[in-house]
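Structural features, examined
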Amino acid sequence: MKKESKMSSDKVFDFVNCAFLLVLVIIVAYPLYYVLVASISDPYEVYAGKTFLLPSKVTFEGYARVFKEQSIAKGYLNSIYYTVLGTLVSVALIITTGYCVSKKTLPFRRAIMIFYVITMYFGGGLIPTYLVVSKTGLLNSVWSLILPGGVAVYNVIVARTYFESSIPEELYEAAAIDGSSNLGTFFKIALPLAKPILAVMVIFTMVAYWNDWFTSLIYMSDKAKYPLQLALRQILIQSQATATMMGNMDGGYAEANKITELIKFASIVVGAVPMLIAYPFVQKYFEKGFMAGAVKG
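As the structure is a computational prediction, the values presented were derived from the model and not from experiment.

It is worth spelling out helix 11 (residues 195-211) at this point. Its 17 residues give helix 11 an end-to-end C-alpha distance of 24 Å, which sits within 8% of 24 Å, the value for a rise of 1.5 Å per residue. Among the residues of helix 11, those classed as buried are Pro196, Ile197, Ala199, Val200, Met201, Ile203, Thr205, Met206, Tyr209 and Trp210.

A few words on the packing of helix 4 (residues 70-102) against helix 8 (residues 153-166). For the pair helix 4 and helix 8, interaxial distance at closest approach is 8 Å and the crossing angle is 50°. Considering the angle they form, helix 4 stands oblique to helix 8. Helix 8 is crossed by helix 4, and the crossing has right-handed handedness. Here Ile94, Ile95, Thr97, Gly98, Tyr99, Val101 and Ser102 of helix 4 lie close against helix 8, whose contacting residues are Asn155, Val156, Ala159, Arg160, Phe163 and Glu164. Tallied by class, residues from the contact of helix 4 with helix 8 come to seven nonpolar, four polar and two charged.

A contiguous nonpolar surface patch, about 660 Å² in accessible area, is contributed by Leu126, Ile127, Tyr130, Leu131, Trp213, Phe214 and Leu217. Contributions of two or more residues to the nonpolar patch are made by helix 6 (126-135) and helix 12 (214-219). With four residues, the single largest contributor to the nonpolar patch is helix 6. Secondary-structure assignment places leucine 217 in helix 12. Note on leucine 217: relative accessible area 31%, which makes it partly exposed.

Evaluation of the coordinates by the stated rule reveals three salt bridges. Of the charged contacts, one joins glutamate 61 and arginine 65 as a salt bridge, the two residues approaching to 2.7 Å between their closest N and O atoms. Of this pair, glutamate 61 and arginine 65 are both found in helix 3 (residues 61-68), four residues apart, which corresponds to roughly one turn of the helix. Glutamate 164 is the salt-bridge partner of arginine 109, the closest N and O atoms lying 2.3 Å from each other. Of this pair, arginine 109 sits in helix 5 (residues 109-121) while glutamate 164 sits in helix 8, placing them 55 residues apart in sequence. Take arginine 109: its relative accessible area is 22%, and that puts it in the partly exposed class. Overall, glutamate 164 belongs to the partly exposed group, its relative accessible area being 24%.

The next point concerns the nonpolar core. If you look at the biggest cluster of nonpolar residues, it comprises 22 residues, and the most contacted ones within it are Tyr63, Val66, Ile72, Leu228, Leu232, Ile263 and Val270. Taken together, the elements giving at least two residues each to this core come down to helix 1 (2-39), helix 3, helix 11, helix 13 (228-245) and helix 14 (252-278). Broken down by element, this core gets its largest block of residues, eight residues, from helix 14. Both domain 1 (1-59) and domain 2 (64-286) contribute no fewer than three residues apiece to this core. In contact with valine 270, not counting residues within four places along its chain, are Tyr63, Val66, Phe67, Tyr76, Leu228 and Leu232.

Tracing the backbone shows leucine 236 in helix 13. Given the relative accessible area of 19%, leucine 236 is considered buried. C-alpha separation for the pair leucine 236 and glutamate 261, spaced 25 residues apart in sequence, amounts to 8.9 Å. For leucine 236, the contacting residues outside a window of four places in its chain are Thr260, Ile263 and Lys264.

This brings us to the side chain of serine 216. For serine 216, the location among the structural elements is in helix 12. The residues contacting serine 216, other than those within four sequence positions of it, are Leu145, Pro227 and Leu230.

Rules behind the numbers
Residues numbered from 1 in each chain as written. Predicted model: local features only at pLDDT ≥ 70, side-chain atom pairs only at ≥ 80, totals over all residues. Heavy atoms only, no water. Helix = DSSP H or I, 4+ residues; strand = E, 2+ residues; numbered from the N terminus. Expected span 1.5 Å × (residues − 1). Buried < 20%, exposed > 50% of the residue type's maximum accessible area, 1.4 Å probe, protein only. Axes fitted to C-alpha atoms, helices over the stretch in contact; angles between N-to-C directions. Parallel < 35°, antiparallel > 145°, perpendicular 65-115°, else oblique. Left-handed = near helix turned anticlockwise from the far one by under 90°. Contact = heavy atoms within 4.5 Å. Nonpolar A, V, L, I, M, F, W, Y, C, P; charged D, E, K, R; others polar. Patch = residues over 30% accessible without salt bridge, like charges linked within 9 Å, V, L, I, M, F, W, Y side chains within 5 Å. Areas by Shrake-Rupley, 256 points an atom, 1.4 Å probe, with all protein chains shown as cover. Salt bridge = Lys/Arg side-chain N within 4 Å of Asp/Glu carboxyl O. Core = buried A, V, L, I, M, F, W, Y, C linked by side-chain atoms within 4.5 Å. Domains from an automatic or database assignment.

This is the structure:
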């Protein structure tokens, strides 16, 4: 009787849990779906609430206007280049730093971590940072987007915790007995066992670089070097300016504003799709690596 009661309660729990997760998935996924639907619907139909589930008066004018701009192709190539290079550099710095500060034999280990943590809460500000980048000759170069924020302290802490909690110290000791150097131990033992946290760092860093447009706005003056997000921003601004200029024309503002709204929704989709495609390739490592790196066991 107790066994049947337990099985029944388990089924109730599973049902409630699944229902809760389903609702959570809908809450998270619906905004993405809504933007996709809105990007191919008449904006006035969107504002009238007629695109809750399905598109209304389907049009691809927004995508046509976005991809008609030559800056989009260049922006895509620039964003891919900045994201790949930035991710390689940042992940390399984060993983090596996290590994080093995870070693209890590191001199001044506690002081180094305090120094890193302080930078999470206190910074020089925008103007001093700009002056540093300018005086070091990094303006209008890819390194101005990578070096100032190349080491994310939060990610270093996560990586350090992973190395401390997920890789037994006995492995390092055995390697040392076998004559392995510190560098050899890192590349032959620590790094192969760090694939889950590597995946986490890659996805965190990749998304950060892909979505970063403000840094480019500050440090990039050459429009040919604009990333995708900044190129899309320029297109949207130009479209809004055109709508304003056409305001005095009979029906001109309404039509121009309609195009602006279509471009706005299409730009969101164009900017988000690459990350949505890339995420599934590292998703299987994501949960394991994040939990192991965030919670010390």
